[in-house]
Amino acid sequence: MWRLLLCSASSVLLLACTGTPTGAGPAGPRTGGEGGASDAGAGSTLAADATAQSGSSLGNEAGADGAASDAATAESGSSSDAAARPANIPVELEGAVTSILGSPEPLTPAFSSTVYDYYVRCSWGTNAITLTVATASGSSAVALDVVEDQAVIVDGQYWIRCLPHDFPAITVTTHPDAGAPTPGWYLVNSGVYATALDTNGTPVWYSRGNSVIDVDALTPNTISFMPNATAPFGYGSTEFAIHSLATGTVATITTVGSPTDDHDLRLLPNGDYLLLTYPLESGVDLTGLQTFGEGETMADCEIQEVDPTGRLVWSWRASDHIDPVRESMAPGTDTILGQSIVDVYHCNAIDVDSSGNLLLSARHADAIFYIDRTAGHIVWKLGGSDYSKDGADYLQIVDDPETSFSLQHDARFLPNGDISLFDDHGAGSGVARGVEYALDHEKDVATVAWQFLGIAASAAEGSCRRYADGETVIGWGYNTTDSRVVTEVNTAGEEELDIAFTPNTASYRAIKVPLSQLDVNLLRSTVAQ
(Lines give C-alpha, C1' and ligand atoms only; values in the text may rest on other atoms or scores of the structure.)
Protein backbone atom coordinates (compact mmCIF):
# COMPACT_ATOMS: atom_id res chain seq x y z
CA MET A 1 0.00 0.00 0.00
CA TRP A 2 1.00 3.63 -0.16
CA ARG A 3 2.14 5.33 3.03
CA LEU A 4 3.08 8.94 3.59
CA LEU A 5 5.69 9.56 6.26
CA LEU A 6 5.98 12.91 8.06
CA CYS A 7 9.52 13.96 8.97
CA SER A 8 8.15 16.74 11.18
CA ALA A 9 5.07 18.92 11.51
CA SER A 10 6.34 21.27 8.80
CA SER A 11 8.51 18.93 6.75
CA VAL A 12 8.33 17.83 3.15
CA LEU A 13 6.32 14.63 2.74
CA LEU A 14 8.19 11.52 1.61
CA LEU A 15 6.52 8.80 -0.45
CA ALA A 16 7.16 5.11 0.18
CA CYS A 17 5.67 2.25 -1.84
CA THR A 18 4.99 -1.04 -0.06
CA GLY A 19 2.81 -2.62 -2.73
CA THR A 20 -0.18 -1.93 -4.95
CA PRO A 21 -3.20 -0.36 -3.24
CA THR A 22 -6.06 -2.80 -2.71
CA GLY A 23 -8.20 -3.12 -5.80
CA ALA A 24 -6.14 -0.57 -7.73
CA GLY A 25 -4.16 -1.05 -10.86
CA PRO A 26 -2.08 1.60 -12.59
CA ALA A 27 -4.89 4.12 -12.09
CA GLY A 28 -4.92 3.82 -8.27
CA PRO A 29 -4.46 6.74 -5.89
CA ARG A 30 -1.43 8.97 -6.33
CA THR A 31 -0.23 10.77 -3.23
CA GLY A 32 2.41 13.40 -2.76
CA GLY A 33 3.40 16.71 -1.22
CA GLU A 34 1.01 19.60 -1.14
CA GLY A 35 0.96 21.31 -4.54
CA GLY A 36 0.38 24.97 -5.27
CA ALA A 37 -3.32 24.46 -6.01
CA SER A 38 -4.05 21.95 -3.27
CA ASP A 39 -5.54 24.43 -0.82
CA ALA A 40 -7.67 25.91 -3.58
CA GLY A 41 -9.18 22.45 -4.16
CA ALA A 42 -10.73 22.64 -7.62
CA GLY A 43 -14.44 21.99 -7.44
CA SER A 44 -14.45 22.27 -3.66
CA THR A 45 -17.91 23.76 -3.26
CA LEU A 46 -20.90 22.96 -1.13
CA ALA A 47 -23.47 21.52 -3.49
CA ALA A 48 -26.25 23.70 -2.15
CA ASP A 49 -24.21 26.81 -2.93
CA ALA A 50 -22.39 25.75 -6.07
CA THR A 51 -23.23 28.96 -7.89
CA ALA A 52 -21.94 31.19 -5.12
CA GLN A 53 -18.79 29.15 -4.52
CA SER A 54 -17.73 28.05 -8.00
CA GLY A 55 -15.00 30.18 -9.50
CA SER A 56 -14.59 32.07 -6.22
CA SER A 57 -11.50 34.24 -6.20
CA LEU A 58 -9.29 33.87 -3.14
CA GLY A 59 -9.39 37.05 -1.12
CA ASN A 60 -11.04 39.36 -3.69
CA GLU A 61 -13.67 40.47 -1.19
CA ALA A 62 -11.17 41.15 1.58
CA GLY A 63 -9.62 44.09 -0.23
CA ALA A 64 -11.84 47.16 -0.35
CA ASP A 65 -14.55 45.83 1.95
CA GLY A 66 -12.05 44.59 4.52
CA ALA A 67 -9.70 47.57 4.38
CA ALA A 68 -11.15 49.32 7.41
CA SER A 69 -11.07 46.09 9.36
CA ASP A 70 -7.48 45.28 8.49
CA ALA A 71 -6.35 48.79 9.43
CA ALA A 72 -8.06 48.68 12.80
CA THR A 73 -6.36 50.58 15.60
CA ALA A 74 -2.70 50.81 16.42
CA GLU A 75 -0.90 49.48 13.37
CA SER A 76 1.76 48.14 15.70
CA GLY A 77 -0.80 45.53 16.73
CA SER A 78 -1.07 44.12 13.21
CA SER A 79 1.07 41.08 12.70
CA SER A 80 1.36 38.06 10.47
CA ASP A 81 -0.98 35.28 11.54
CA ALA A 82 0.89 32.65 9.60
CA ALA A 83 2.06 29.70 11.68
CA ALA A 84 3.74 26.41 10.91
CA ARG A 85 0.92 24.06 10.00
CA PRO A 86 1.51 20.59 8.57
CA ALA A 87 1.32 20.43 4.80
CA ASN A 88 -1.96 19.06 3.51
CA ILE A 89 -1.87 15.68 1.75
CA PRO A 90 -3.39 15.37 -1.72
CA VAL A 91 -4.67 11.96 -2.82
CA GLU A 92 -5.24 11.89 -6.56
CA LEU A 93 -7.09 9.28 -8.57
CA GLU A 94 -8.97 8.78 -11.82
CA GLY A 95 -12.72 8.58 -12.02
CA ALA A 96 -15.48 10.10 -9.94
CA VAL A 97 -15.35 9.26 -6.23
CA THR A 98 -18.39 7.29 -5.07
CA SER A 99 -17.37 6.47 -1.50
CA ILE A 100 -14.76 7.26 1.14
CA LEU A 101 -14.51 5.27 4.36
CA GLY A 102 -12.15 6.04 7.22
CA SER A 103 -10.52 3.64 9.67
CA PRO A 104 -10.03 3.34 12.59
CA GLU A 105 -11.86 6.65 12.94
CA PRO A 106 -14.88 7.14 10.66
CA LEU A 107 -15.43 10.17 8.47
CA THR A 108 -17.89 12.68 9.84
CA PRO A 109 -20.35 13.23 8.30
CA ALA A 110 -20.79 10.02 6.33
CA PHE A 111 -19.59 10.43 2.74
CA SER A 112 -21.84 11.97 0.11
CA SER A 113 -20.58 13.03 -3.30
CA THR A 114 -22.20 16.46 -2.80
CA VAL A 115 -20.59 17.14 0.60
CA TYR A 116 -16.99 18.34 0.45
CA ASP A 117 -15.85 18.85 4.05
CA TYR A 118 -15.27 16.09 6.65
CA TYR A 119 -13.23 15.38 9.73
CA VAL A 120 -11.77 12.49 11.67
CA ARG A 121 -11.07 12.63 15.41
CA CYS A 122 -7.34 12.62 16.04
CA SER A 123 -5.06 12.10 19.00
CA TRP A 124 -1.95 14.02 19.98
CA GLY A 125 1.02 13.06 17.78
CA THR A 126 0.93 10.91 14.67
CA ASN A 127 -2.33 9.19 13.72
CA ALA A 128 -2.29 6.19 11.37
CA ILE A 129 -5.48 6.22 9.32
CA THR A 130 -6.65 4.29 6.29
CA LEU A 131 -8.96 5.78 3.70
CA THR A 132 -10.79 3.37 1.44
CA VAL A 133 -11.74 5.30 -1.67
CA ALA A 134 -14.14 3.85 -4.23
CA THR A 135 -14.66 4.91 -7.83
CA ALA A 136 -16.51 3.27 -10.71
CA SER A 137 -13.37 1.25 -11.49
CA GLY A 138 -12.89 -0.19 -7.99
CA SER A 139 -11.76 0.67 -4.48
CA SER A 140 -8.34 1.60 -3.11
CA ALA A 141 -7.03 1.61 0.44
CA VAL A 142 -4.61 4.42 1.24
CA ALA A 143 -2.65 4.31 4.52
CA LEU A 144 -1.60 7.71 5.85
CA ASP A 145 0.16 9.16 8.86
CA VAL A 146 -1.54 12.45 9.77
CA VAL A 147 -1.25 14.91 12.62
CA GLU A 148 -3.69 17.33 14.21
CA ASP A 149 -4.87 20.21 11.97
CA GLN A 150 -3.66 18.47 8.82
CA ALA A 151 -6.05 17.80 5.93
CA VAL A 152 -6.18 15.03 3.37
CA ILE A 153 -7.59 16.25 0.05
CA VAL A 154 -9.09 13.46 -2.04
CA ASP A 155 -9.48 14.06 -5.77
CA GLY A 156 -8.81 17.77 -5.26
CA GLN A 157 -12.21 18.39 -3.73
CA TYR A 158 -13.00 16.26 -0.66
CA TRP A 159 -11.33 17.74 2.45
CA ILE A 160 -10.81 15.49 5.47
CA ARG A 161 -9.48 17.36 8.51
CA CYS A 162 -7.58 15.71 11.36
CA LEU A 163 -9.47 17.37 14.19
CA PRO A 164 -7.43 18.09 17.36
CA HIS A 165 -7.79 15.87 20.40
CA ASP A 166 -9.05 18.74 22.58
CA PHE A 167 -11.74 19.89 20.16
CA PRO A 168 -15.16 19.16 21.68
CA ALA A 169 -17.15 16.22 20.38
CA ILE A 170 -19.84 17.44 17.99
CA THR A 171 -23.37 16.03 17.90
CA VAL A 172 -25.63 17.08 15.03
CA THR A 173 -29.37 16.46 15.17
CA THR A 174 -31.43 17.14 12.06
CA HIS A 175 -35.20 17.43 11.86
CA PRO A 176 -35.99 16.54 8.22
CA ASP A 177 -39.74 17.04 8.61
CA ALA A 178 -39.07 20.73 9.32
CA GLY A 179 -36.77 21.16 6.31
CA ALA A 180 -33.07 21.98 6.08
CA PRO A 181 -31.25 25.19 6.97
CA THR A 182 -30.09 27.58 4.29
CA PRO A 183 -26.38 26.86 3.70
CA GLY A 184 -24.11 29.17 5.65
CA TRP A 185 -21.41 29.33 8.34
CA TYR A 186 -22.12 29.13 12.08
CA LEU A 187 -19.53 31.12 14.02
CA VAL A 188 -19.12 29.84 17.58
CA ASN A 189 -16.50 29.37 20.27
CA SER A 190 -15.58 26.56 22.60
CA GLY A 191 -12.85 26.91 25.20
CA VAL A 192 -9.66 27.75 23.29
CA TYR A 193 -11.27 27.56 19.84
CA ALA A 194 -12.99 29.99 17.51
CA THR A 195 -14.61 28.01 14.72
CA ALA A 196 -16.76 28.18 11.60
CA LEU A 197 -19.10 25.22 11.23
CA ASP A 198 -21.01 24.36 8.09
CA THR A 199 -24.62 23.20 8.27
CA ASN A 200 -23.39 19.61 8.66
CA GLY A 201 -21.65 20.68 11.87
CA THR A 202 -18.20 20.26 10.32
CA PRO A 203 -15.49 22.65 11.56
CA VAL A 204 -14.28 23.96 8.19
CA TRP A 205 -12.14 26.60 9.96
CA TYR A 206 -10.83 27.10 13.47
CA SER A 207 -8.23 29.12 15.32
CA ARG A 208 -6.84 28.87 18.83
CA GLY A 209 -6.57 31.32 21.71
CA ASN A 210 -6.37 31.04 25.48
CA SER A 211 -10.03 31.74 26.25
CA VAL A 212 -11.99 32.58 23.10
CA ILE A 213 -15.24 34.54 22.96
CA ASP A 214 -17.46 36.54 20.58
CA VAL A 215 -16.74 35.15 17.09
CA ASP A 216 -18.09 37.15 14.15
CA ALA A 217 -17.41 38.04 10.50
CA LEU A 218 -17.84 41.81 10.25
CA THR A 219 -16.56 42.07 6.67
CA PRO A 220 -16.08 39.53 3.89
CA ASN A 221 -13.24 37.09 4.50
CA THR A 222 -12.38 38.33 7.97
CA ILE A 223 -13.16 36.64 11.28
CA SER A 224 -13.06 38.57 14.54
CA PHE A 225 -12.98 37.30 18.11
CA MET A 226 -11.40 38.01 21.47
CA PRO A 227 -8.74 35.32 21.99
CA ASN A 228 -7.82 35.91 25.62
CA ALA A 229 -10.93 36.78 27.62
CA THR A 230 -9.49 35.62 30.94
CA ALA A 231 -10.53 38.32 33.44
CA PRO A 232 -13.74 40.20 34.29
CA PHE A 233 -14.49 43.22 32.08
CA GLY A 234 -11.21 42.91 30.21
CA TYR A 235 -9.03 43.69 33.24
CA GLY A 236 -6.19 41.67 31.84
CA SER A 237 -4.49 41.74 28.46
CA THR A 238 -7.52 41.82 26.19
CA GLU A 239 -8.20 43.00 22.67
CA PHE A 240 -10.32 41.99 19.72
CA ALA A 241 -8.37 40.28 16.95
CA ILE A 242 -9.56 40.62 13.36
CA HIS A 243 -8.13 37.86 11.19
CA SER A 244 -7.82 38.54 7.46
CA LEU A 245 -8.15 35.15 5.81
CA ALA A 246 -6.77 36.47 2.52
CA THR A 247 -3.58 38.11 3.82
CA GLY A 248 -2.88 36.02 6.91
CA THR A 249 -2.59 39.14 9.07
CA VAL A 250 -4.27 40.00 12.35
CA ALA A 251 -5.35 43.52 13.28
CA THR A 252 -6.30 44.41 16.84
CA ILE A 253 -8.93 46.80 18.16
CA THR A 254 -9.20 48.09 21.73
CA THR A 255 -11.05 50.70 23.73
CA VAL A 256 -9.37 53.89 24.92
CA GLY A 257 -8.59 54.71 28.54
CA SER A 258 -9.88 51.53 30.17
CA PRO A 259 -9.74 47.81 29.27
CA THR A 260 -11.69 46.34 26.37
CA ASP A 261 -14.75 44.36 27.40
CA ASP A 262 -15.41 41.16 25.47
CA HIS A 263 -19.17 41.39 24.99
CA ASP A 264 -19.53 43.14 21.63
CA LEU A 265 -17.69 44.52 18.62
CA ARG A 266 -19.76 46.32 15.99
CA LEU A 267 -18.60 47.78 12.68
CA LEU A 268 -20.23 51.09 11.68
CA PRO A 269 -20.91 52.13 8.06
CA ASN A 270 -18.15 54.76 8.32
CA GLY A 271 -15.54 52.10 9.17
CA ASP A 272 -15.39 52.93 12.88
CA TYR A 273 -16.07 50.38 15.62
CA LEU A 274 -18.38 50.33 18.62
CA LEU A 275 -17.05 48.59 21.72
CA LEU A 276 -17.83 48.37 25.42
CA THR A 277 -15.61 49.12 28.39
CA TYR A 278 -16.25 48.99 32.13
CA PRO A 279 -14.37 51.90 33.77
CA LEU A 280 -14.19 51.58 37.55
CA GLU A 281 -15.73 54.33 39.70
CA SER A 282 -14.72 54.52 43.36
CA GLY A 283 -16.46 56.22 46.27
CA VAL A 284 -19.96 55.53 44.91
CA ASP A 285 -22.95 55.59 47.27
CA LEU A 286 -25.02 52.50 46.50
CA THR A 287 -27.19 52.73 49.62
CA GLY A 288 -30.58 51.23 48.84
CA LEU A 289 -29.21 48.62 46.43
CA GLN A 290 -29.40 45.33 48.30
CA THR A 291 -26.82 45.44 51.11
CA PHE A 292 -24.37 47.82 49.43
CA GLY A 293 -23.63 51.22 50.93
CA GLU A 294 -21.35 54.22 50.74
CA GLY A 295 -17.84 54.18 49.35
CA GLU A 296 -18.38 51.29 46.94
CA THR A 297 -16.34 50.73 43.78
CA MET A 298 -18.63 50.26 40.83
CA ALA A 299 -18.09 48.97 37.29
CA ASP A 300 -19.62 51.57 35.01
CA CYS A 301 -20.61 50.86 31.41
CA GLU A 302 -19.22 52.95 28.57
CA ILE A 303 -19.91 52.69 24.85
CA GLN A 304 -17.02 53.89 22.69
CA GLU A 305 -16.73 54.63 19.00
CA VAL A 306 -13.12 54.12 17.95
CA ASP A 307 -11.82 54.88 14.47
CA PRO A 308 -9.41 52.62 12.50
CA THR A 309 -6.41 54.56 13.83
CA GLY A 310 -7.41 53.92 17.46
CA ARG A 311 -8.74 57.44 18.08
CA LEU A 312 -11.73 57.83 20.40
CA VAL A 313 -14.50 59.47 18.35
CA TRP A 314 -17.47 59.37 20.73
CA SER A 315 -18.42 57.85 24.08
CA TRP A 316 -21.50 57.43 26.25
CA ARG A 317 -21.48 56.45 29.92
CA ALA A 318 -24.35 54.58 31.57
CA SER A 319 -24.04 56.22 34.99
CA ASP A 320 -24.95 59.58 33.43
CA HIS A 321 -28.29 58.15 32.29
CA ILE A 322 -29.11 54.99 34.28
CA ASP A 323 -29.43 55.13 38.07
CA PRO A 324 -27.20 52.41 39.59
CA VAL A 325 -29.45 52.02 42.64
CA ARG A 326 -32.97 52.40 41.29
CA GLU A 327 -32.42 50.70 37.93
CA SER A 328 -30.07 47.83 38.81
CA MET A 329 -32.09 44.66 39.38
CA ALA A 330 -29.50 41.92 39.86
CA PRO A 331 -26.08 43.41 40.66
CA GLY A 332 -23.11 41.09 40.86
CA THR A 333 -19.70 41.36 42.46
CA ASP A 334 -16.25 40.59 41.09
CA THR A 335 -12.73 40.88 42.42
CA ILE A 336 -10.40 42.88 40.18
CA LEU A 337 -6.83 43.70 41.13
CA GLY A 338 -7.64 42.57 44.67
CA GLN A 339 -10.59 44.95 44.98
CA SER A 340 -14.28 44.09 45.31
CA ILE A 341 -16.25 45.58 42.42
CA VAL A 342 -20.03 45.96 42.18
CA ASP A 343 -21.30 45.15 38.69
CA VAL A 344 -24.51 47.18 38.56
CA TYR A 345 -25.15 47.32 34.79
CA HIS A 346 -23.27 44.54 32.97
CA CYS A 347 -23.81 45.89 29.47
CA ASN A 348 -23.50 43.08 26.96
CA ALA A 349 -24.84 44.11 23.52
CA ILE A 350 -24.98 47.16 21.26
CA ASP A 351 -26.94 47.55 18.04
CA VAL A 352 -27.38 50.49 15.67
CA ASP A 353 -30.45 51.45 13.63
CA SER A 354 -30.60 53.28 10.29
CA SER A 355 -30.69 56.68 12.05
CA GLY A 356 -27.53 55.90 13.99
CA ASN A 357 -29.32 55.53 17.34
CA LEU A 358 -28.30 52.72 19.65
CA LEU A 359 -29.89 49.76 21.37
CA LEU A 360 -28.09 48.79 24.59
CA SER A 361 -28.66 45.64 26.63
CA ALA A 362 -27.82 45.85 30.35
CA ARG A 363 -28.04 42.37 31.85
CA HIS A 364 -28.08 43.39 35.53
CA ALA A 365 -30.80 45.95 34.88
CA ASP A 366 -32.95 43.31 33.13
CA ALA A 367 -33.55 46.05 30.56
CA ILE A 368 -33.01 47.25 27.00
CA PHE A 369 -32.40 50.96 26.35
CA TYR A 370 -32.90 52.96 23.14
CA ILE A 371 -30.38 55.81 23.06
CA ASP A 372 -30.58 58.97 20.96
CA ARG A 373 -27.03 59.09 19.65
CA THR A 374 -26.99 62.83 18.98
CA ALA A 375 -28.66 64.04 22.19
CA GLY A 376 -27.24 61.26 24.35
CA HIS A 377 -30.43 60.65 26.33
CA ILE A 378 -32.44 57.43 26.61
CA VAL A 379 -35.67 57.63 24.59
CA TRP A 380 -37.34 54.45 25.84
CA LYS A 381 -36.69 51.52 28.13
CA LEU A 382 -37.96 47.94 27.86
CA GLY A 383 -37.95 45.67 30.91
CA GLY A 384 -36.47 46.15 34.36
CA SER A 385 -37.74 48.74 36.83
CA ASP A 386 -40.22 51.35 35.64
CA TYR A 387 -37.92 54.16 36.83
CA SER A 388 -35.68 56.03 34.37
CA LYS A 389 -33.06 58.56 35.39
CA ASP A 390 -33.44 60.15 31.95
CA GLY A 391 -37.24 60.22 32.16
CA ALA A 392 -37.46 57.82 29.23
CA ASP A 393 -40.72 56.23 28.12
CA TYR A 394 -41.18 52.90 29.87
CA LEU A 395 -42.57 50.12 27.68
CA GLN A 396 -44.60 47.76 29.80
CA ILE A 397 -44.39 44.09 28.81
CA VAL A 398 -47.92 42.66 28.69
CA ASP A 399 -49.34 39.18 28.07
CA ASP A 400 -45.92 37.54 28.05
CA PRO A 401 -46.35 33.80 28.73
CA GLU A 402 -42.97 33.91 30.54
CA THR A 403 -43.95 37.16 32.37
CA SER A 404 -40.82 39.04 31.22
CA PHE A 405 -37.18 38.54 30.32
CA SER A 406 -34.24 38.56 32.72
CA LEU A 407 -30.43 38.56 32.53
CA GLN A 408 -30.79 38.85 28.75
CA HIS A 409 -28.23 38.99 25.94
CA ASP A 410 -27.92 39.94 22.27
CA ALA A 411 -30.72 42.51 21.86
CA ARG A 412 -31.12 43.43 18.17
CA PHE A 413 -33.26 45.61 15.95
CA LEU A 414 -35.45 43.74 13.46
CA PRO A 415 -36.43 45.23 10.07
CA ASN A 416 -40.12 45.31 11.06
CA GLY A 417 -39.41 47.53 14.08
CA ASP A 418 -39.55 44.70 16.61
CA ILE A 419 -36.75 43.77 19.00
CA SER A 420 -35.23 40.29 19.32
CA LEU A 421 -33.15 39.07 22.24
CA PHE A 422 -31.95 35.98 24.03
CA ASP A 423 -33.76 35.68 27.34
CA ASP A 424 -31.52 33.70 29.72
CA HIS A 425 -34.45 33.77 32.15
CA GLY A 426 -32.04 33.31 35.02
CA ALA A 427 -33.87 35.44 37.58
CA GLY A 428 -37.02 33.35 38.00
CA SER A 429 -38.81 30.16 37.10
CA GLY A 430 -39.01 29.19 33.46
CA VAL A 431 -36.60 28.38 30.64
CA ALA A 432 -34.28 30.28 28.34
CA ARG A 433 -35.69 31.32 25.00
CA GLY A 434 -35.21 33.30 21.85
CA VAL A 435 -37.91 35.96 21.82
CA GLU A 436 -39.20 38.79 19.64
CA TYR A 437 -41.13 41.72 21.10
CA ALA A 438 -43.48 43.96 19.12
CA LEU A 439 -43.37 47.53 20.40
CA ASP A 440 -46.39 49.85 20.54
CA HIS A 441 -45.00 53.32 21.28
CA GLU A 442 -48.45 54.93 21.33
CA LYS A 443 -49.60 52.69 24.16
CA ASP A 444 -46.10 52.20 25.64
CA VAL A 445 -46.47 48.41 25.68
CA ALA A 446 -44.53 45.46 24.31
CA THR A 447 -45.97 42.05 23.46
CA VAL A 448 -44.40 38.75 22.46
CA ALA A 449 -44.59 38.36 18.68
CA TRP A 450 -42.57 35.13 18.58
CA GLN A 451 -40.66 32.88 20.93
CA PHE A 452 -38.82 29.57 20.93
CA LEU A 453 -38.34 27.89 24.28
CA GLY A 454 -35.30 25.97 25.49
CA ILE A 455 -35.25 23.25 28.12
CA ALA A 456 -33.77 25.13 31.09
CA ALA A 457 -32.71 28.61 32.16
CA SER A 458 -29.25 29.70 31.01
CA ALA A 459 -26.79 31.01 33.56
CA ALA A 460 -25.12 33.42 31.15
CA GLU A 461 -24.37 34.25 27.49
CA GLY A 462 -26.56 33.28 24.53
CA SER A 463 -27.87 34.82 21.31
CA CYS A 464 -30.90 35.05 19.06
CA ARG A 465 -30.64 36.29 15.47
CA ARG A 466 -33.25 36.54 12.71
CA TYR A 467 -31.91 36.31 9.17
CA ALA A 468 -33.01 37.41 5.70
CA ASP A 469 -34.52 33.99 4.90
CA GLY A 470 -36.84 34.39 7.90
CA GLU A 471 -35.09 31.70 9.93
CA THR A 472 -33.79 32.21 13.45
CA VAL A 473 -30.53 30.94 14.93
CA ILE A 474 -30.32 30.60 18.71
CA GLY A 475 -27.19 30.06 20.78
CA TRP A 476 -28.06 28.74 24.24
CA GLY A 477 -25.04 30.21 26.06
CA TYR A 478 -23.88 28.73 29.34
CA ASN A 479 -26.51 26.17 30.27
CA THR A 480 -25.54 23.20 32.43
CA THR A 481 -28.62 21.25 31.29
CA ASP A 482 -28.44 22.00 27.56
CA SER A 483 -25.23 21.29 25.61
CA ARG A 484 -26.51 22.76 22.35
CA VAL A 485 -24.49 25.62 20.89
CA VAL A 486 -26.68 26.12 17.80
CA THR A 487 -30.38 25.71 17.09
CA GLU A 488 -31.83 26.83 13.78
CA VAL A 489 -35.59 27.37 13.67
CA ASN A 490 -37.66 27.74 10.49
CA THR A 491 -40.31 30.36 9.78
CA ALA A 492 -42.98 28.06 11.21
CA GLY A 493 -41.14 27.90 14.54
CA GLU A 494 -39.88 24.34 14.03
CA GLU A 495 -36.38 23.09 14.79
CA GLU A 496 -34.41 22.24 11.66
CA LEU A 497 -30.98 21.67 13.18
CA ASP A 498 -29.30 21.34 16.58
CA ILE A 499 -25.54 21.24 17.12
CA ALA A 500 -24.20 20.29 20.56
CA PHE A 501 -20.68 20.20 22.00
CA THR A 502 -19.51 17.58 24.50
CA PRO A 503 -18.24 18.18 27.09
CA ASN A 504 -20.75 20.94 27.61
CA THR A 505 -18.57 23.91 26.68
CA ALA A 506 -20.67 27.01 26.17
CA SER A 507 -20.44 29.21 23.11
CA TYR A 508 -20.97 32.89 23.89
CA ARG A 509 -23.06 33.35 20.75
CA ALA A 510 -24.03 31.49 17.60
CA ILE A 511 -23.76 33.82 14.59
CA LYS A 512 -24.69 32.67 11.09
CA VAL A 513 -23.29 34.33 7.98
CA PRO A 514 -23.96 33.51 4.30
CA LEU A 515 -21.56 31.23 2.44
CA SER A 516 -20.54 34.22 0.33
CA GLN A 517 -19.28 36.09 3.43
CA LEU A 518 -16.39 33.65 3.95
CA ASP A 519 -14.69 31.98 0.99
CA VAL A 520 -14.60 28.24 1.60
CA ASN A 521 -11.12 27.88 0.12
CA LEU A 522 -9.74 30.59 2.40
CA LEU A 523 -11.35 28.94 5.40
CA ARG A 524 -9.77 25.60 4.57
CA SER A 525 -6.33 27.00 3.85
CA THR A 526 -6.11 29.10 7.05
CA VAL A 527 -7.13 26.50 9.63
CA ALA A 528 -5.09 26.69 12.85
CA GLN A 529 -2.96 29.61 11.71
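Overview of the structure. (Residues numbered from 1 in each chain as written. Predicted model: local features only at pLDDT ≥ 70, side-chain atom pairs only at ≥ 80, totals over all residues. Heavy atoms only, no water.)

Thoughts on the nonpolar core
Applicable threshold: Grouping buried Ala, Val, Leu, Ile, Met, Phe, Trp, Tyr and Cys residues that are joined through side-chain atoms within 4.5 Å yields what is termed a nonpolar core. Only protein chains enter the accessibility calculation, which uses a 1.4 Å probe; a residue is then buried when its area is under 20% of its type maximum, exposed when over 50%, and partly exposed in between. Put simply, DSSP marks the helices as runs of H or I at least four residues long and the strands as runs of E at least two long, and each gets a number from the N terminus on. Contacts were defined at the residue level, with two residues in contact if any of their heavy atoms lie within 4.5 Å.
Ranked by size, the top nonpolar core spans 34 residues in total, and within it Ile-303, Trp-316, Tyr-345, Cys-347 and Leu-360 carry the most contacts. For this core, the elements supplying multiple residues, two or more each, are β21 (273-277), β23 (296-299), β25 (312-317), β27 (339-343), β28 (347-352), β29 (358-362) and β30 (367-371). Residues within four places of Cys-347 in sequence aside, it is in contact with Asp-261, His-263, Leu-276, Tyr-278, Cys-301, Leu-360, Ser-361 and Ala-362. Listed in part, the 23 residues of the second largest apolar core include Val-91, Val-97, Phe-111 and Cys-122.

Here's the deal with the packing of aromatic side chains
What counts is decided by this rule: Here the aromatic set is Phe, Tyr and Trp, taking the six-membered ring for Trp, and pairing holds for ring centres within 6.5 Å; pairs whose planes are under 30 degrees apart are stacked, those over 60 apart are edge-to-face, and all others are tilted. For a ring to carry a charge above it, either NZ of a lysine or CZ of an arginine must fall within 6 Å of the ring centroid while also lying within 35 degrees of the normal to the ring plane.
Counted by the stated rule, this structure contains 14 aromatic pairs. On the numbers, 5.4 Å between centres and 10 degrees between planes, the contact of Tyr-116 with Tyr-158 is stacked. Here Tyr-158 lies in strand β11 (residues 158-163) and Tyr-116 lies in the loop between β6 (97-103) and β7 (117-121), a separation of 42 residues in the sequence. Note on accessibility: Tyr-116 and Tyr-158 belong to one class, buried. Every member of this aromatic cluster is reached through a ring pair, and the members are Phe-111, Tyr-116, Tyr-118 and Tyr-158. Here Arg-326 stacks its cationic end above the ring of Tyr-387, 3.7 Å away from the centre of that ring. Lying across the ring of Trp-450, Arg-466 places its NZ or CZ 5.0 Å from the centre.

With respect to the sheet that holds strand β36 (residues 445-453)
The line we're drawing: A pair of strands is considered paired only if DSSP assigns at least 2 bridges between the two. Every axis corresponds to a line fitted to the C-alpha atoms, with the helix fit spanning only the stretch in contact, and the corresponding angles, defined between N-to-C directions, vary from 0 to 180 degrees.
Pairing is mixed in the open sheet, where 9 strands are placed in the order β28-β29-β30-β31-β32-β36-β35-β34-β33. Across the chains shown, the open sheet's two edge strands, defined by having one partner strand only, are β28 and β33 (409-413). Each neighbouring strand pair of the sheet contributes to a mean axis angle of 25 degrees, computed without reference to strand direction. Sheet topology places β28 next to β29; 5 bridges connect them, and they run antiparallel. If you follow Ala-349 over to β29, its bridge partner there is Ser-361.

Structural notes on the state of the cysteines
Formally: When the sulfur atoms of two cysteines come within 2.5 Å, that pair is taken as a disulfide.
A full pass over the atoms with the stated rule returns 2 disulfides. The partner cysteine of Cys-122 in its disulfide is Cys-162, sulfur to sulfur 1.9 Å. Between Cys-122 and Cys-162, the S-S dihedral sits near -130 degrees, and the bridge is therefore left-handed. Here Cys-122, found in the loop between β7 and β8 (127-135), pairs with Cys-162, found in strand β11; they are 40 residues apart in sequence, far enough to count as distant. Comparing Cys-122 with Cys-162 shows no difference in burial state: the two are buried. A disulfide bridge connects Cys-301 with Cys-347, and the sulfur atoms are separated by 2.1 Å. Between Cys-301 and Cys-347, the disulfide has an S-S torsion of -115 degrees and is therefore left-handed. Remark: Cys-347 occurs in strand β28 and Cys-301 occurs in the loop between β23 and β24 (302-306); sequence separation between them is 46 residues. You'll find Cys-301 and Cys-347 in the same group, each marked buried. Take the cysteines of the chain that form disulfides and number them in order along the sequence; they join up as 1-2, 3-4.

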